[in-house]
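The primary structure of each chain is shown beneath.
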Amino acid sequence: KYLIGRSRQPQLSSGKVRLNDIVFLGKEDVGFHETKGSANLHVSRNHAYILYDPATDNYFLYPDRGGLPDNGNKLKVHTADDKIKWLNIYGVAHLLQDGDQIELGGGAVLLFRM
């Protein structure tokens with residue numbers, strides 16, 4: 001499981017500290033340099049995660065609680081075959097394909113490569 005979010009170790013509203021694997025640096029993170037960039041507030045502290053299934057040898061993208069429209073955030077995939085898929089239901093996944101572009105909050109894009 002690969003967690004995607006803003007800050008390396010953000011504290012969530014529940015009080016739990018999350019350890020993100022794919023990180024958009026927040027102001028409190030080591031390496032953040034305010035004169036070279038700004039924190040991406042379009043990406044939630046717990047926006048999404050990618051889960052690898054060894055039984056099928058596939059990767060799946062899931063919206064996490066912070067990446068749902070109820071929290072003011074968005075998660076969509078521009079698929080390699082030129083379709084757009086919105087992920088806005090907790091627990092419902094998208095099977096990732098090589099070349100899919102993952103858009104987080106309209107302010108960040110990740111390219112998925114096998």
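Definitions and limits used
- Residues numbered from 1 in each chain as written.
- Predicted model: local features only at pLDDT ≥ 70, side-chain atom pairs only at ≥ 80, totals over all residues.
- Heavy atoms only, no water.
- Core = buried A, V, L, I, M, F, W, Y, C linked by side-chain atoms within 4.5 Å.
- Buried < 20%, exposed > 50% of the residue type's maximum accessible area, 1.4 Å probe, protein only.
- Helix = DSSP H or I, 4+ residues; strand = E, 2+ residues; numbered from the N terminus.
- Salt bridge = Lys/Arg side-chain N within 4 Å of Asp/Glu carboxyl O.
- Phe/Tyr/Trp six-rings, centres within 6.5 Å; stacked < 30°, edge-to-face > 60°.
- Lys NZ or Arg CZ within 6 Å of the ring centre and 35° of its normal.
- Pairing = 2+ DSSP bridges.

Caption draft 1: View of the nonpolar core. Core analysis: the biggest nonpolar cluster contains 15 residues, and I4, F24, L61, L75, I102 and L104 have the highest contact counts within it. Secondary-structure elements contributing two or more residues to this core are β3 (48–53), β5 (75–78), β8 (101–104) and β9 (108–111).

Caption draft 2: How the structure looks around the pattern of salt bridges. Scanning the entire structure with this criterion turns up four salt bridges. The partner of D64 in a salt bridge is R18, with the nearest N and O atoms 2.5 Å apart. Linking D64 in the loop between β4 (58–63) and β5 with R18 in the loop between β1 (2–6) and β2 (22–24), this pair joins segments that are 46 residues apart in sequence. Each of the two residues, D64 as well as R18, counts as buried.

Caption draft 3: The arrangement of the packing of aromatic side chains in detail. Here the structure, examined in full by the defined rule, presents three aromatic pairs. When the ring of Y52 is compared with that of Y59, the centres are 4.7 Å apart and the planes differ by 45 degrees; the resulting orientation is tilted. One aromatic cluster is present, formed by Y52, Y59 and F112 through successive ring pairs. The ring centre of Y49 lies 4.2 Å from the NZ or CZ of K1, which sits over that ring. A cation over a ring is seen here: R65 above Y90, with NZ or CZ 3.7 Å from the ring centre.

Caption draft 4: Geometry of unusual backbone geometry. Here S7, not a glycine, exhibits a phi torsion of approximately 85 degrees, which is positive. For D82, which is not a glycine, the phi torsion comes out positive at approximately 65 degrees. As for its position among the elements, D82 is in the loop between β5 and β6 (84–86). Here D82 falls in the exposed class, since its relative accessible area comes to 74%.

Caption draft 5: Quick look at the pairing of β3. Where β1 meets β3, three bridges bridge the pair, whose relative direction is antiparallel. Note on β3: the bridge partner recorded for I4 is A48. Hairpin connection of β3 to β4: four residues between the antiparallel strands, including D57 at a positive phi of 60 degrees.

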